[in-house]
Amino acid sequence: MTKKIPVLMFHNISEIKGEKSSVFHKDFYNQIKYLTNLGYKCVNLRNIEDHELNKKIIITFDDGYENIYKLAMPILNEFNQKATCFIVKNQIDGFNLWDSNRNDYKKYKLMNLNQIQEWNEKGFEIGAHTLDHVNLTKLTTENKNKQINDPISFFNDKLNISVKSFAYPFGSYDDECIDLLKKNYNYAVTTKPSLYNKKKFTNYEIPRISINSSTSLLKFFLKILTNYEDYKLKFKL
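Computed from a prediction, not measured in an experiment: that's the story for all the values here. As a convention, each chain's residues are numbered from 1 in the sequence order in which they are written. Restriction of local features to residues with pLDDT of at least 70 applies here, the model being predicted, together with a cutoff of 80 or more for giving and counting side-chain atom pairs; totals for whole chains, interfaces and linings are based on all residues. The basis for the side-chain values is all heavy atoms of the structure; hydrogens and waters are excluded.

Draft legend 1. The arrangement of the packing of aromatic side chains in detail. Note on aromatic contacts: the rings of Phe and Tyr and the six-membered ring of Trp form a pair at centre separations within 6.5 Å, being stacked when their planes are under 30 degrees apart, edge-to-face when over 60 apart, and tilted otherwise. In this structure the tally under the stated criterion is 13 aromatic pairs. Between Phe10 and Phe61 the ring centres are 5.5 Å apart and the planes differ by 40 degrees, which places this aromatic pair in the tilted class. Taken together, the residues Phe10 in strand β2 (residues 7–10) and Phe61 in strand β6 (residues 56–63) connect sequence positions 51 residues apart. Ring-pair connections join several aromatic residues into one group, and the members of that group are Phe10, Phe28, Phe61, Trp119 and Phe124. When the NZ atom of lysine or the CZ atom of arginine is within 6 Å of a ring's centre and also within 35 degrees of its normal, the charge is said to sit over that ring. Positioned above the aromatic ring of Tyr34, the side-chain terminus of Lys33 is 6.0 Å from the ring centre. Only DSSP runs of H or I with at least four residues qualify as helices, and only runs of E with at least two residues qualify as strands; both kinds are numbered from the N terminus onward.

Draft legend 2. Representation of helix α3 (residues 113–121) in the model. Considered for burial, the residues of α3 that qualify are Gln115, Ile116 and Trp119. Viewed end-on, α3 has its buried residues packed into an arc of 100 degrees, placing them on one side of the element. Residues Asn114 and Glu121 are exposed on α3 and point more than 90 degrees away from its buried face. Looking at the buried positions of α3, the neighbouring elements they touch are β6, α2 (66–78), β7 (84–87), β8 (125–128) and α4 (141–159). The term polar contact refers here to a pair of N or O atoms within 3.5 Å; inside protein, the definition further demands a hydrogen-donor-capable atom paired with an acceptor-capable atom, and it admits residues adjacent in sequence only when both atoms are side-chain atoms. N-cap assignment for α3: the residue whose side-chain oxygen lies 3.1 Å from the backbone N of Asn114 is Asn112. Looking one or two residues beyond α3, the residue adopting positive phi is Gly123, at roughly 95 degrees. Note on exposure labels: buried denotes an accessible area under 20% of the residue type's maximum, exposed denotes more than 50%, and partly exposed covers the range between, all computed with a 1.4 Å probe on protein chains only. In this context, the arc is that of the directions from the helix axis out to the C-beta atoms. Contacts were defined at the residue level, with two residues in contact if any of their heavy atoms lie within 4.5 Å.

Draft legend 3. The arrangement of the environment of Ser100 in detail. Within the secondary structure, Ser100 sits in the loop between β7 and α3. Residue Ser100 is classed as partly exposed on the basis of its relative accessible area of 45%. Reaching out from Ser100, the side chain makes a polar contact with the backbone oxygen of Leu97 at a distance of 2.8 Å.

Draft legend 4. Seen up close, unusual backbone geometry. The phi dihedral of Asp63 falls on the positive side, at around 90 degrees, and the residue is not glycine. Among the secondary structure elements, Asp63 is positioned in strand β6. At Phe170, a position not held by glycine, the phi torsion is positive, near 60 degrees. One can find Phe170 in the loop between β9 (165–167) and α5 (175–181). By relative accessible area, Phe170 is classed as partly exposed at 45%.

Listed below in structure tokens is the structure:
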């Protein structure tokens, strides 16, 4: 029987409770604590095919917010757990300007180069989230390729980081994106809700379980330990 692996999608970890796209830092602490107590090992996305682990979970953070470095990393370190953070290359040390046209827009600081370097040095994974956090399906082939593959040389040359994982901005992609990714990446994550099953999903269309401010601890474990997310995908709940 093929194992189903939960791949979790976070954005912000906040000191303020109730922010829509965020998880309150004390709630995140409890989530990681209980996962650890249940014997789960949180690993980087690049280790998703590590067959030595029976109870494996992948934690991912989109966009590279500074609060991930300041709030999430110490919690993960405390419990000896790992995670992958997807960085928007041209907004390093900047802000989430791609959200600025939203009615509920809130400006968040993004990691700087030193913080990214430390994240990597502590054994966490850095992935790419394009150059500018754009909808790839609206671009020409040339611009798609630039957005997808240019971050690789930057992270390699600037920080000596080998990037092999990718997250589609807004969850938007097409077959051409996948073909371009296959040149240099091993894995790519979507925003489709489901548990990852290698027989059902390719390495370039890995589904994720969204975790945000409305995810209670009970719902958190329903998403991870049951078929809740698979039914959600099937019936579009």
